[in-house]
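Observations on chain architecture
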4 protein chains.
Amino acid sequence: MTTLATPAAAAAPTLSPAAIIEGAKRLAAYRAVDEHFPQNARYVGIGSGSTVVYVVERIAQLPRDRTDHVVFIPTGFQSKELILKAGLKLGAIDMYTDLDVVFDGADEVDPFLNCIKGGGACLFQEKLVAISGRKFVVVADFRKLSPSLSTHYAPGIPIEVVPPAAQYVLSRLVALGSTGPTIRMGGASKAGPCITDNGNFIIDAPFQDGFIPASASPRPISPSVDAGLGERVGGSDVLGKEEGHPGAAVGMGVGANEHVEELAKTLKSIVGVVEHGIFWGGDKKPVMAYFGMEDGSVAVRGHH
Amino acid sequence: MTTLATPAAAAAPTLSPAAIIEGAKRLAAYRAVDEHFPQNARYVGIGSGSTVVYVVERIAQLPRDRTDHVVFIPTGFQSKELILKAGLKLGAIDMYTDLDVVFDGADEVDPFLNCIKGGGACLFQEKLVAISGRKFVVVADFRKLSPSLSTHYAPGIPIEVVPPAAQYVLSRLVALGSTGPTIRMGGASKAGPCITDNGNFIIDAPFQDGFIPASASPRPISPSVDAGLGERVGGSDVLGKEEGHPGAAVGMGVGANEHVEELAKTLKSIVGVVEHGIFWGGDKKPVMAYFGMEDGSVAVRGHH
Amino acid sequence: MTTLATPAAAAAPTLSPAAIIEGAKRLAAYRAVDEHFPQNARYVGIGSGSTVVYVVERIAQLPRDRTDHVVFIPTGFQSKELILKAGLKLGAIDMYTDLDVVFDGADEVDPFLNCIKGGGACLFQEKLVAISGRKFVVVADFRKLSPSLSTHYAPGIPIEVVPPAAQYVLSRLVALGSTGPTIRMGGASKAGPCITDNGNFIIDAPFQDGFIPASASPRPISPSVDAGLGERVGGSDVLGKEEGHPGAAVGMGVGANEHVEELAKTLKSIVGVVEHGIFWGGDKKPVMAYFGMEDGSVAVRGHH
Amino acid sequence: MTTLATPAAAAAPTLSPAAIIEGAKRLAAYRAVDEHFPQNARYVGIGSGSTVVYVVERIAQLPRDRTDHVVFIPTGFQSKELILKAGLKLGAIDMYTDLDVVFDGADEVDPFLNCIKGGGACLFQEKLVAISGRKFVVVADFRKLSPSLSTHYAPGIPIEVVPPAAQYVLSRLVALGSTGPTIRMGGASKAGPCITDNGNFIIDAPFQDGFIPASASPRPISPSVDAGLGERVGGSDVLGKEEGHPGAAVGMGVGANEHVEELAKTLKSIVGVVEHGIFWGGDKKPVMAYFGMEDGSVAVRGHH
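Residues numbered from 1 in each chain as written. Chains lettered and ligands numbered in written order. Predicted model: local features only at pLDDT ≥ 70, side-chain atom pairs only at ≥ 80, totals over all residues. Heavy atoms only, no water.

**Remarks on the layout of surface pockets**
Roughly 640 Å³ of volume is contained in the second largest pocket. Surrounding the second largest pocket, 31 residues form its lining, K265 and S269 of chain A together with K265, K268 and S269 of chain B being those nearest its centre. Looking at the lining of the second largest pocket, the elements with two or more residues in it are α6 (166-175), α9 (256-269) and β12 (273-276) of chain A together with α6 (166-175), α9 (256-269) and β12 (273-276) of chain B. It is α9 of chain B that provides the largest number of residues to the lining of the second largest pocket, a total of 6 residues. Looking at the lining of the second largest pocket residue by residue, the classes come out as 12 nonpolar, 7 polar and 12 charged. (1 Å grid on protein atoms, 1.4 Å probe; cavity = no way out; pocket = protein on both sides within 12 Å on 5 of 7 lines; lining within 4 Å. Points joined across faces, edges and corners; volume = space filled by probe spheres on them. Helix = DSSP H or I, 4+ residues; strand = E, 2+ residues; numbered from the N terminus. Nonpolar A, V, L, I, M, F, W, Y, C, P; charged D, E, K, R; others polar.)

**Topic: the confidence of the model for chain A**
Residue and element names in this part refer to chain A. Mean pLDDT for chain A: 83, with 80% of residues reaching 70 or above. Scored below 50 in pLDDT, residues 212-230 makes 43 contacts in the model with residues more than four places away or belonging to other chains. Counting interchain partners and residues more than four positions distant, the pLDDT-below-50 stretch residues 232-254 has 47 contacts. Interface scoring of the predicted complex returns ipTM 0.85; its pTM is 0.87. (pLDDT = per-residue confidence, 0-100. Contact = heavy atoms within 4.5 Å.)

**A short note on the pattern of salt bridges**
Applying the stated criterion across every chain yields a total of 64 salt bridges over all chains. Measuring nitrogen to oxygen at the nearest pair gives 2.5 Å for the salt bridge that ties R31 of chain C to E35 of chain C. One end of the pair, R31 of chain C, and the other, E35 of chain C, are both in helix α1 (residues 17-36), 4 residues apart, so they sit about a helical turn from each other. Between E275 of chain C and K127 of chain C there is a salt bridge, and its shortest N-O distance comes to 2.9 Å. With E275 of chain C in strand β12 (residues 273-276) and K127 of chain C in helix α5 (residues 123-131), this residue pair connects regions lying 148 residues apart in the sequence. Across the pair, K127 of chain C and E275 of chain C agree in class, each one buried. Members of the salt-bridge network, linked through shared partners, are D104, K117 and E126 of chain A. (Salt bridge = Lys/Arg side-chain N within 4 Å of Asp/Glu carboxyl O. Buried < 20%, exposed > 50% of the residue type's maximum accessible area, 1.4 Å probe, protein only.)

**Here's the deal with the packing of aromatic side chains**
Residues and elements named next belong to chain A. Evaluation of the coordinates by the stated rule reveals 12 aromatic pairs over all chains. On the numbers, 6.3 Å between centres and 25° between planes, the contact of F37 with F72 is stacked. Highlighted residues: F37 in the loop between α1 (17-36) and β1 (43-46) and F72 in strand β2 (residues 71-74), separated in sequence by 35 residues. Residue class for F72 comes out buried when judged on its relative accessible area of 0%. (Phe/Tyr/Trp six-rings, centres within 6.5 Å; stacked < 30°, edge-to-face > 60°.)

**Regarding the sheet that holds strand β8 (residues 157-161) of chain A**
Residue and element names in this part refer to chain A. Read across the open sheet, the 4 strands follow the order β9-β10-β8-β12; overall the sheet is antiparallel. Two strands in the sheet have a free side with no partner beyond their single neighbour: β9 (182-183) and β12. With 5 bridges joining them, β8 and strand β10 (residues 201-205) adopt antiparallel strand pairing. Paired with P158 across the two strands is D204, which belongs to β10. Across the sheet, α6 is in contact with β8, β9, β10 and β12; its angle to β10 comes to roughly 15°. (Pairing = 2+ DSSP bridges. Axes fitted to C-alpha atoms, helices over the stretch in contact; angles between N-to-C directions.)

**Comments concerning unusual backbone geometry**
A positive phi angle, close to 70°, is found at A121 of chain C, a residue other than glycine. Looking at the element boundaries, A121 of chain C is found in the loop between β6 (115-116) and α5.

**Details of the interface of chain C and chain B**
Contact residues are listed per partner, giving 19 residues for chain C and 19 residues for chain B. There are 2 salt bridges connecting chain C and chain B. In this structure, K190 of chain B engages D197 of chain C in a salt bridge whose closest nitrogen and oxygen atoms are separated by 2.9 Å. Here chain C and chain B share 8 residue pairs in polar contact (both at pLDDT 80 or more) between them. Residues of the side of chain C that touches chain B, tallied by class, amount to 9 nonpolar, 7 polar and 3 charged. (Polar contact = N/O pair within 3.5 Å; in protein donor to acceptor, adjacent residues only side chain to side chain.)

**Things to note about the relation of the copies chain C and chain B**
For these two chains of identical sequence, chain C goes onto chain B by a turn of 180° and a shift of 0.0 Å along the axis, with RMSD 0.0 Å. Those values place the two copies in the arrangement expected of a two-fold rotation axis. (Least-squares fit on C-alpha atoms with pLDDT ≥ 70 in both.)

**Some remarks on the pairing of strand β15 (residues 298-302) of chain D**
All names here are of chain D. Most of β15 is tucked away, with 5 of its 5 residues classed as buried. Where strand β14 (residues 288-292) meets β15, 5 bridges bridge the pair, whose relative direction is antiparallel. Residue pairing for β15: G292 is matched across the bridge by V298. From the end of β14 to the start of β15, which pair antiparallel, there are 5 residues, and G296 there has a positive phi angle of about 90°.

**A word on the sheet that holds β12 of chain B**
Residue and element names in this part refer to chain B. Spatial ordering of the open sheet is given by β9-β10-β8-β12, a layout of 4 strands whose pairing is antiparallel. Each edge of the open sheet is held by one strand with a lone partner, namely β9 (182-183) and β12. Where strand β8 (residues 157-161) and β12 come together, 3 bridges link them in antiparallel fashion. Residue V161 lies in a different strand from β12, and its bridge partner there is V273.

Now the structure itself:
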């Protein structure tokens, strides 16, 4: 698929665990770029997160005649800086609505490739860029792999809300079963609520164990039926095994995907909700996701 | 229902047509207040528009012990001024999510009491206040009565959109069949797009003849089945007749209401859409609507 | 200064007055571009207004090797569209802080080349682009020529204000002598106040006759001492004469410029004022201004 | 001045240092309220910070007939919650421009009672409320006492900036001598820049040692000449001694106050600056400041 040399696996025995993971993230990002950066790209979306740094690093290594005429569309402040520092041409999403491919990170990815994004409060522009891409490719590390959304990513689903509607949306979220939704505060940077780039609030809405009622999961099936075959490179097959044993994937029965979709639709329908952090089939989920693993390998999810 | 004296009908023979209508609007507003202002009101929403001026006028005439402890929640700048000038107590919608009743105008009202609002670009806060009301009551003039939405109100459905998503939303609206959606400009006040109080754009999306495909209307029925019995006071029964002859109501066949609901849901589901100007059963439509008529009478729609 | 052919004077005897003026505006814009578009331009600011249309028209006529590598920075929505339609390369002011030259219109220009801008509510970005230019060049029509600011442009000085501070700023403006400052409304586009692209209000603050106390003008002098020699091309010298007779220029005595500067400084110092529409020496005034005249000629103000 | 009982000094020997300070902060807040809450108050501003909690606590202890008719104006989200939880009547600063008194915290206070505020990114509304008060009273703890601004409060002066102007403002700040001004990031809450409630950025601009050139301080004088007599209650007189020995107050010479004022004026004059965190005589500085001290006492600065 590509003639670029990929770096040797980073998992040398003397490296620290952190360095091993970092190497795996780089490996994942490089592979994602090598497999998905189009030969005649015109518009490419660049997301944010620690793994996307390596995505841009790899793109900058491509022959200049493959990147010179490409406009790169950022999802936010960090992406913008990455693009400029790499000497690439910067565009803006309000100008381009048809991108060849979009590379971005994720806060959590389930076996159906549904994602949660928005830990950084920038989910709106991230989703706008993602849906503008013909292909959406996720790169992340192993901690983002999850049997079901809202399981590993503790704060819950980030939801962007027009400020005067915050109390109303909170009440609706509680009615939907969210366990303790809260307006995100600004922390050390800002007293009072965190404000998004669009001037809105973020509500973090946790749901229990992937928000799937037990009765809705009568017939567990392999996620690979829906989400494609898992694959490992340069490492063990532990993940592969898990995927082969769907019973081990909590809450991943028949209807898991449907419940994600139903929740996604319901959240967006609430008056006051601008957008939420569930990236699903109805707006956009990745065609493929690459994960840097603990052991220095890369796990790939999705159809080739 | 009320012991307050209502003013004599304004339709004295020597009045100008404009004065007759104005009198009818006042009559409509007074009747709406008399029939819907609760005995022990705590929180009351006040919308905007030329008829709402009379709503506030009537509320200010109520005995002070009925209004002194009431907090009035405005839907925007004009309502705020009206409330303050009437010496009433002002609140804000971010503080109260449970209003006893909300009075507001509308740009168009169909026989099912679905409304279009947002000609003034303030649809978001208007909808937020409306859904916070236990009862939503519309007061307007006869020009707002329509056999089907997007028929009489020419600019189409106002849609509030996060600015960078405007091009994407326009493309989606065209795909949905909108005939020439456009970003609303600022006119004499502002070069470039009109900006809402939330910092967003407005797209006006017209749809043909109530956006209902002919094939979807095999069995025209009376709107009164759904929307309640029409009623006139102090005037002719022309409207009543129209309602009794559903065949005359263009596009008002089986499925008309369903199509409004489907469009409303679809619009809100689009990435970039904050809110749209269709007030329907899924978020909030009025329980009753009062219209000042050309002949000085008041037409009432909805269930008593 | 340039080898490009300039069009023949538009003032053919059979043209309508409007067509004559339009021709003069084009002539003014072409001349401004011919005299100020740098040989090795890298970054060029493009403002808005009816005359700027001809600026972009002229730039698009330049040899492509003079414009191909130039990034054009718009001051707003209209400029953005003009740049893109002309096939020029679009940039954004948040990326570039050192522009070679900026071309823009103005609502009023006094003999010292102080300007009022902001009739279109976009004064903030216009000023930001202007101060980022090494040279700021104004193109306009004769109606914008004024003996003193706030004389010909009736609404007064547009002032961008953070919304909750509007009442406070109004009270301060009255204290400063403004005759009836008002919050600009949204007109037909929007109920309630006009909102700027930055989410703020505009207050229009008129001042009487150039806000210059009579006692402050003891020693009238020629504006040309300060503002450079007036010059006409292709037309009569009426304007030149006026400039030679400073006594005829109302309120243009000693101190006129100082009063503009003092007012500009005072306005910006008010809590709640984001920016005002006076473009003066302390932030940026044009080095030269070109005006399309009623008789088809071009009047030029400023030092060559 | 008041007949309310003040609590006994908190400095019991067995308390932890933190508890002693907390007791002193409460003592400071109570005393500020007792000395400055008007007998016939109508509008009172409430700021934010850990000491303001005790301000509201004390106000809630006042006889209800002194507070029932008072509208309390918050400077932000936290103040709003405090007011509501205390059962007090909430107003908004866009409605009231003449407050009887405003109580707020500060990040740093110099001997002239100039303050730095804005560590919580809410400096704009805090300044708007402060200037709307006839009296502005600061309550804080001893760490906020400083010989000169930008000395103890390390991040520097918080400056609210319209986002597209951020690069320009940074360049101007460096030219003014700021040592490393930076756009404040959102930290754990938000990727990219922190956004204020007005949709703007914050730049933190540090200046060396109170930004006062050594040569500008030929004749150190006692700050008490300008800032009033320091005073202690219930504790040692260490602070008093320091104030009596002006030589010990670094950078507090002649011109210190003038330099603060000059910097304050210059910062506000920069295109793109909405407001800065220096609260000085030209907009508003406190008439009196109360500090909870390490030893459980209260230090008071300002004229009685």
